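Coordinates in review
So you can see what is in the structure, the chains are spelled out below.
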Amino acid sequence: MRISALDLKRQIAPIRQELDMAIKDVIDSTSFILGKAVNTFEENVMKYCRVKYAIGVSNGTDAISLALLALGIKAGDGVICPAFTYYATAGAIASIGARPVFADIDSDTYCISLKSIEKVLKNKKKYKIKAIIPVHLYGQCSDMDGIMKLARKYNLKVVEDTAQAFGAEYKGRKAGTIGNCGSVSFFPGKNLGAFGDAGMILTNNKAAAERARILRNQGNKTKYIHLMLGRNNRMDGMQAAALNVKLRYLDDWNKKRQELAQYYNNNLSLFAVKTPFVAEYSTHIYHQYVLRIARSRDGMMNYLQKKGIDSRVFYPIPLHLQKCFRYLGYKRGDFPESEKAARQTLTLPIDPCLTQKERRYISQSLKEFING
Ligand SMILES: Cc1ncc(COP(=O)(O)O)c(C=O)c1O
């Protein structure tokens, strides 16, 4: 049997007609960049997230950079983010000339640790720290009350990296709507994925929304009148068309991911593996289902892969040890929980379209490995 991490063909097949029609509308209208489909998607997201403004942009990385710029973060400023996240979080900071300032993660949730943020903030002046980017890693929200409290105390802006958690809720509020801005990715493999690159900025702040709108579109509000040094970071009509259709199914897909996670949890409860911890303040939409295995992580992954199961490591090298961030001067041992997570975690397929037979096969294969 071969089981991939996510089979988009299976996801698309039952809604193919709706998608074809939505794409046809864009072709017929020739509104390929921004336009009606993007406006509609922005409105749909505002309703879905119960947020005042949603700005469609080119991808989740640009959503982070634009949100920082819209909040007044500039070259030379420091921005705190976790050392254990996808490259793009820190890459987006660096791309505007700001400095990524890493903090460690919480060993249970894999999200940024409040204690570590406080420690890092001892260097607030030295690194001119102006913002924090908590990453809602794997589909679960960071401890937002704690982060907002620190942000108020130290006068920092907050951009929630919601690339992996669109649709999750923190104490009843949608991820990405609590900080000054939220950034979203609709990369095809995300829980809500486009047919190419796409992203979004969420905010309740009118001024930030206005700046983000101008910045995404070459710095202009009116054509050829450039108010700011903007970028070409607009969302495509085709992506918005696909996303408008897929958004209708997101909650159902997320529910199926939660059911599958529960199935794995139940089946693995007697074994020496740590199943995902869900904090009481957040829902978890399982962008990834991540296991922690103190020993033999690689052995388990190799075994699963030999059995045709697409198990992966997100992420094998924490950011402070990546070559591209060497200039920041970090060393091994600086963020022990991030380094441990990179050594000990692996994912199981969490595709909402997995069949009962496939689920059983995965959990059976895991048990075989654990029992030796
Ligand atoms: C945590 C995180 N941040 C940012 C991004 C960047 O999103 P995109 O690939 O749409 O640029 C991703 C997605 O890959 C991500 O997982």
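The model shown is predicted, which means the values in this text are computed figures rather than measured ones. (Residues numbered from 1 in each chain as written. Predicted model: local features only at pLDDT ≥ 70, side-chain atom pairs only at ≥ 80, totals over all residues. Heavy atoms only, no water.)

Moving on, we get to the domain arrangement of the protein. One can read the domain layout of the protein as domain 1 (8-103 + 111-244) and domain 2 (250-370). Each of domain 1 and domain 2 has a C-alpha centre, and the two are 24 Å apart. Residue-level contacts link 37 residues of domain 1 with 36 residues of domain 2. Summed over both sides, the interface of domain 1 with domain 2 buries roughly 3,200 Å², with 60% coming from carbon and sulfur. On the domain 1 side of the contact with domain 2, Phe84, Tyr138 and Asn191 bury the most area, a combined 24% of that side's loss. Taking the shortest distance from any N to any O, the salt bridge between Arg10 and Glu358 comes out at 2.6 Å. Where domain 1 touches domain 2, the interface holds 19 residue pairs in polar contact (both at pLDDT 80 or more). Elements that contribute at least two residues to the side of domain 1 that touches domain 2 include exactly helix H1 (8-12), helix H5 (87-95), strand S3 (99-103) and strand S6 (169-170). (Domains from an automatic or database assignment. Contact = heavy atoms within 4.5 Å. Buried area = accessible area lost by both parts, 1.4 Å probe. Salt bridge = Lys/Arg side-chain N within 4 Å of Asp/Glu carboxyl O. Polar contact = N/O pair within 3.5 Å; in protein donor to acceptor, adjacent residues only side chain to side chain. Helix = DSSP H or I, 4+ residues; strand = E, 2+ residues; numbered from the N terminus.)

Inspection of helix H7 (residues 144-154) places Met144, Gly146, Ile147, Met148, Leu150 and Ala151 among the buried residues, and these make up the whole buried set. As for H7, its buried residues are in contact with helix H6 (114-120), strand S4 (129-132), strand S5 (157-161) and S6. Remark: Asn155 follows H7 within two positions and exhibits a positive phi of approximately 55 degrees. (Buried < 20%, exposed > 50% of the residue type's maximum accessible area, 1.4 Å probe, protein only.)

The next subject is the site of the ligand. In the vicinity of the ligand there are 13 residues, among which Gly60, Thr61, Asp161, Ser185 and Lys190 approach most closely. In this structure, Gly60 approaches the ligand through a main-chain N or O atom, which is 2.8 Å from an oxygen atom. Thr61 places a polar side-chain atom, nitrogen or oxygen, 2.5 Å from an oxygen atom of the ligand. At the level of elements, helix H4 (60-70) and H5 are the ones that each hand at least two residues to the shell around the ligand. Classifying every residue of the shell around the ligand gives 4 nonpolar, 7 polar and 2 charged. (Near = heavy atom within 4 Å. Nonpolar A, V, L, I, M, F, W, Y, C, P; charged D, E, K, R; others polar.)

What follows is about the packing of helix H3 (residues 36-49) against helix H9 (residues 237-268). Following both chains from N to C, one finds H3 and H9 inclined at 30 degrees, their axes separated by 8 Å at the closest point. The angle between the axes of H3 and H9 places the two elements in the roughly parallel class. Remark: the crossing between H3 and H9 carries left-handed chirality. Counting all contacts with H3, which are made through Ala37, Val38, Thr40, Phe41, Asn44, Val45 and Tyr48, the residues of H9 involved are Gly237, Ala240, Ala241, Leu243, Asn244, Leu247, Leu250 and Asp251. Per-class residue counts for the contact of H3 with H9 are 10 nonpolar, 4 polar and 1 charged. (Axes fitted to C-alpha atoms, helices over the stretch in contact; angles between N-to-C directions. Parallel < 35°, antiparallel > 145°, perpendicular 65-115°, else oblique. Left-handed = near helix turned anticlockwise from the far one by under 90°.)

Moving on, we get to the sheet that holds S4. Pairing is mixed across the open sheet formed by 7 strands, whose spatial order is S1-S9-S8-S5-S4-S2-S3. Only two strands of the sheet have a single partner each, and these edge strands are strand S1 (53-57) and S3. The sheet shows a mean angle of 30 degrees between the axes of neighbouring strands, taken without regard to direction. For S5 and strand S8 (residues 181-185), the ladder comprises 3 bridges, and the chain directions are parallel. Of the residues in S8, the one forming a bridge with Val159 is Cys181. On top of the sheet, H4 reaches S1, strand S2 (78-82), S4, S5, S8 and strand S9 (199-203); it is set at about 165 degrees to S8, its chief contact. Where helix H8 (residues 206-216) meets the sheet, its contacts fall on S1, S8 and S9, and the angle it forms with S1 comes to roughly 15 degrees. (Pairing = 2+ DSSP bridges.)

Another point: unusual backbone geometry. Cis geometry is found at the peptide bond from Phe314 to Tyr315, where omega equals 25 degrees. Although it is not a glycine, Arg50 adopts a positive phi angle of roughly 50 degrees. The topology assignment puts Arg50 in the loop between H3 and S1. The backbone of Asn155 sits at a positive phi, close to 55 degrees, despite the residue not being glycine. Mapped onto the fold, Asn155 is located in the loop between H7 and S5. With relative accessibility at 66%, the residue Asn155 sits in the exposed group.

Most of S2 is tucked away: 5 of the 5 residues are buried. Across the two faces of S2 the burial is the same, with Gly78, Ile80 and Pro82 and Val79 and Cys81 all buried. Here S2 runs beside S3; their pairing, made up of 5 bridges, is parallel. For Gly78, the partnering residue across the bridge sits in S3 and is Arg99. Taking the sense of rotation as the criterion, the β-α-β connection linking S2, H5 and S3 turns out right-handed. Across 3 bridges, the pairing between S2 and S4 is parallel. In the sheet register, Ile80 faces S4, and the bridge partner there is Ile132. (Right-handed = clockwise from strand over helix to strand, strands pointing away.)

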